[in-house]
Amino acid sequence: MTQSAQTHSDPGLQPAGLRGIATDFGSDQRAFKTASWGKAMMWIFLLSDTFVFGCFLLAYMTARMSTPVAWPNPSEVFALHIGGQDVPLILIAIMTFVLISSSGTMAMAVNFGYRRERGKTAVLMLATALLGATFVGMQAFEWTKLISEGVRPWENPFGAAQFGSAFFMITGFHGTHVTIGVIFLLIVARKVWRGDFDTERRGFFTSRKGRYEAVEIMGLYWHFVDLVWVFIFAFFYLW
Amino acid sequence: MVEIPAGSADAVPAAEVEDMELYHPKSWWTKYVFSQDAKIIAVQYAITAISIGLVALVLSWLMRLQLAFPGYFAFIDADHYYQFITMHGMIMVVYLLTALFLGGFGNYLIPLMVGARDMVFPYANMLSYWIYLLAVLILVAGFFAPGGPTGAGWTLYPPQSVLSGTPGGQDWGILLMLSSLIVFVIGFTMGGLNYVVTVLQGRARGMTLMRMPLTVWGIFTATVMALLAFPALFVACVMMLFDRLLGTSFFMPAIVEMGTQLQHGGGSPILFQHLFWFFGHPEVYIVALPAFGIVSDLISTHARKNIFGYRMMVWAIVIIAALSFVVWAHHMYVSGMNPAFGFFFATTTLIIAVPTAIKVYNWVLTLWRGDIHLTLPMLFALAFIVTFVNGGLTGLFLGNVVVDVPLSDTMFVVAHFHMVMGVAPILVIFGAIYHWYPKVTGRLLNTALGHIHYWITFLGAYAIFFPMHYLGLLGVPRRYYEIGETSFVPPSAHTLNIFITIMALIVGAAQVVFLFNLIWSLFRGKEAGGNPWRATTLEWQTPQTPPAHGNWGKDLPVVYRWAYDYSVPGAPEDFIPQTQPATGGLTREVMR
């Protein structure tokens, strides 16, 4: 069930390109021949979640364009006072760097997972979780700073009230995603460390066998959360 | 008919995945209450949805009583009237129709019809139901909360929905409504992912996408739409919740209320309408597409004839689904949006009539010279076609900007959408219950009671909604607590209102017959056997009826043909099950 076996064992029999896609969709049992159930579910969930973030960002853009009050300048609002001068967007740049790096450790964890190297997989997943937690921590710092400067969801001293509303809503929603990701990273890392996927230990609720594929599915979610951040970074901080 | 050389057609590919690992219940609780079996979850969904639907039915009675006899019932004041309208609409659209079609029929039929043992993620499927139940309970809590449920109208348009002038606006009502919707979306997503992945990845050997019954196609496509449309509702609800709770101004412009300047300013009410209808219009088809699919199978089975133009039917479903994402602003012609949008959205709206008309023609052509058995499912399917054509044609009126503007916010609109997405899908639900009840329980529903139910419901629903078109053309506005002495509304409109109300009471009461039938037949109904309708699809070929846990016994079914081999010339019976090998070459399936 969860194996990623090719249906057409002879690669020569499988048509390439669009015809290959049409053949897969026209065949029986599975439309995506290399995707297990879990992976297919995660991809479709991410598609749905894309629409959630898409709606949030579009709503923010609409609010920004339609509000009659001037929008605050993000490079000033998000500047840190370091060494006697304001450095624009420095915290966000570090946060972005941390989150993108965590995608790197996640990708390595997936790789070692499929090589069944239990220790390295678990350590790299923990590193990913740590980087994710660091990101959330820096976000908490950023929130604290802005709140201390008087930014509230309903008002702020810099300009349009929708600035604070959209900021807390979108970064909060994304931060929630990261936090959930960190929690699940820890759960999956624990299972890897304990050897659940080597012994195919059955899940308590589902009675399904545990497989290293869970690491990759976790990775799909994590990369998605990173990708969303890139869009938030571009549309909220750089615009 | 296509002759297929013996042998080659029977060559079914080997199984690509190992057999599913099922969760086996360990106690009564995990078998019947916290069950991971899609069939139990389906029944739980159906019972919950029908129960809350009955609440909405009673609310519609109360509204109708007020419209026919304004001021006669002291407890229906203006606030209550708006609360009844709002809850009736929201319950019917989201908590009854969506939940029953996708959660109820989807859960029961998808695994059985595609030849799977269960949904692919039974645990998430179970959670989906319990989260749905939680959403329903939060919704119902509105009736008991201080200030009562929200009276904002089912569209919940801001700014009025969060202001003190609207019932529940500054009380608990709107908060509970928004929370309930957010919870519903979360719960639905868990179920929806199951339905989609089961169809895409969990089919039996030989069951290609183009061999699936149209029921599965309808439910599958509707679920994909729901997964893409509900996010807009989710976001809109979150933002309005912040507007109401935190004092943000996403949807709130500067407002003076009772001489006081509110703290809000700079928000866009139109933004909410865009988000809402980006969900709201696909929602119409989320309800309609499963009905389209189910009715296709009912007609084909009970007319003993293959569905006319199967491929066309599939593509029509897919095209309708795609188009329905680019028509949402036809609900907003009078909202004050850019008038140029109207041209675009009117065009896309009218284009949807093409695939929809193809479906209607194909249903009629399936009936054409068929061996029509006037069973209850068939009667309801016929009633659906009539009602749906009626509602669809008035949709053409309302899709045109210049016609819509004078008809907007009149009873004509109420008549239109009740015909097309109220009565029509409900009739299909009834037909589907009469059709699949024998599979769920092993017993047939009583036919005599069914006929009483059918004729009162079908003719009565027509008597309710057909006159509303006339009221709308007279200019009778919708959503008005009472019309009062309005010069352009003649006294005859009032007589008609009384007639409609009496019919509504009768039709509502007739549903008691149906409920009685459901319970009575469970114990006293005629034994149905495994395949009472002599149907071809997989769910009728299960080794046990009702199907046991795991559906298929030891071996999974293998599919050799499409779902519509009825009355194949030369075949010994007038139906050939999908599991029967094609040896002998008899099929009406068109290959490639």
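Residues numbered from 1 in each chain as written. Chains lettered and ligands numbered in written order. Predicted model: local features only at pLDDT ≥ 70, side-chain atom pairs only at ≥ 80, totals over all residues.

Student: Explain the overall build of chain A here, please?
Tutor: When helices and strands are counted, chain A shows eight helices and two strands. Its helices and strands in sequence order give chain A the pattern α-α-α-β-β-α-α-α-α-α, from N to C terminus. For chain A, the spread of C-alpha atoms along the three principal axes comes to 65 × 40 × 35 Å. Here chain A holds 239 residues, and 35% of them are scored as buried. A fraction of 68% describes how many contacts in chain A between residues 6 or more apart in sequence connect residues 24 or more apart. (Helix = DSSP H or I, 4+ residues; strand = E, 2+ residues; numbered from the N terminus. Buried ≥ 20, exposed ≤ 12 C-beta atoms within 10 Å, placed from the backbone. Contact = placed C-beta atoms within 7 Å.)

Student: Explain the nonpolar core here, please?
Tutor: Nonpolar side chains in soluble globular proteins tend to end up buried together. All names here are of chain B. In terms of nonpolar packing, the biggest core is built from 245 residues, with Val-235 and Phe-380 touching the most fellow members. Looking at which element gives the most residues to this core, the answer is helix 3 (residues 78-114), with 24 residues. For Phe-380, the residues in contact, after removing those within four places along its chain, are Leu-427, Val-428, Phe-430, Gly-431, Tyr-434 and Tyr-454. (Core = buried A, V, L, I, M, F, W, Y, C linked by C-beta atoms within 7 Å.)

Student: I'm lost on the interface of chain A and chain B in this one. Help?
Tutor: Think of interface size as the accessible area that goes away when the parts come together; that is how it is often given. Of the residues lining the interface, 41 residues belong to chain A; the matching set on chain B comes to 44 residues. Listed by contribution, the elements that provide at least two residues to the side of chain A that touches chain B are helix 1 (17-26), helix 2 (37-66) and helix 6 (161-194) of chain A. Among the elements that line the side of chain A that touches chain B, the one with the most residues is helix 2 of chain A, at 14 residues. Among the residues making up the side of chain A that touches chain B, the classes are represented as 25 nonpolar, twelve polar and four charged. (Nonpolar A, V, L, I, M, F, W, Y, C, P; charged D, E, K, R; others polar.)

Student: Any chance you could explain the environment of B:Ala124 here in plain terms?
Tutor: With respect to the element layout, B:Ala124 can be found in helix 4 (residues 122-144). A C-alpha to C-alpha distance of 29 Å links B:Ala124 and B:Ile174, two positions 50 residues apart in sequence.

Student: Quick question: what am I supposed to make of the confidence of the model for chain B here?
Tutor: Detail in the predicted coordinates should be disregarded across regions flagged by low pLDDT. Per-residue confidence for chain B gives a mean pLDDT of 93, with 97% of residues at or over 70. With pTM at 0.95, the complex prediction returns an ipTM value of 0.93. (pLDDT = per-residue confidence, 0-100.)

Student: Whenever I open this one, the packing of helix 3 of chain B against helix 4 of chain B confuses me. Can you help?
Tutor: When two helices pack together, their arrangement is given by the angle between the helix axes and the distance between those axes. All names here are of chain B. As a packed pair, helix 3 and helix 4 sit with axes 12 Å apart at the nearest point and diverge in direction by 160°. In terms of orientation, helix 3 and helix 4 fall into the roughly antiparallel class. Regarding helix 3 and helix 4, the two cross each other, and that crossing is left-handed. Only Asn-125, Tyr-129, Tyr-132, Val-136 and Leu-139 of helix 4 make contact with helix 3, whose side of the interface consists of Tyr-95, Ala-99, Gly-103 and Asn-107. Class assignment of the residues belonging to the contact of helix 3 with helix 4 gives a composition of six nonpolar, three polar and no charged. (Axes fitted to C-alpha atoms, helices over the stretch in contact; angles between N-to-C directions. Parallel < 35°, antiparallel > 145°, perpendicular 65-115°, else oblique. Left-handed = near helix turned anticlockwise from the far one by under 90°.)

Student: What is the right way to look at the domain arrangement of chain A in this model?
Tutor: In terms of domain boundaries, chain A breaks down into domain 1 (1-34) and domain 2 (36-238). A C-alpha centroid distance of 33 Å is found between domain 1 of chain A and domain 2 of chain A. (Domains from an automatic or database assignment.)

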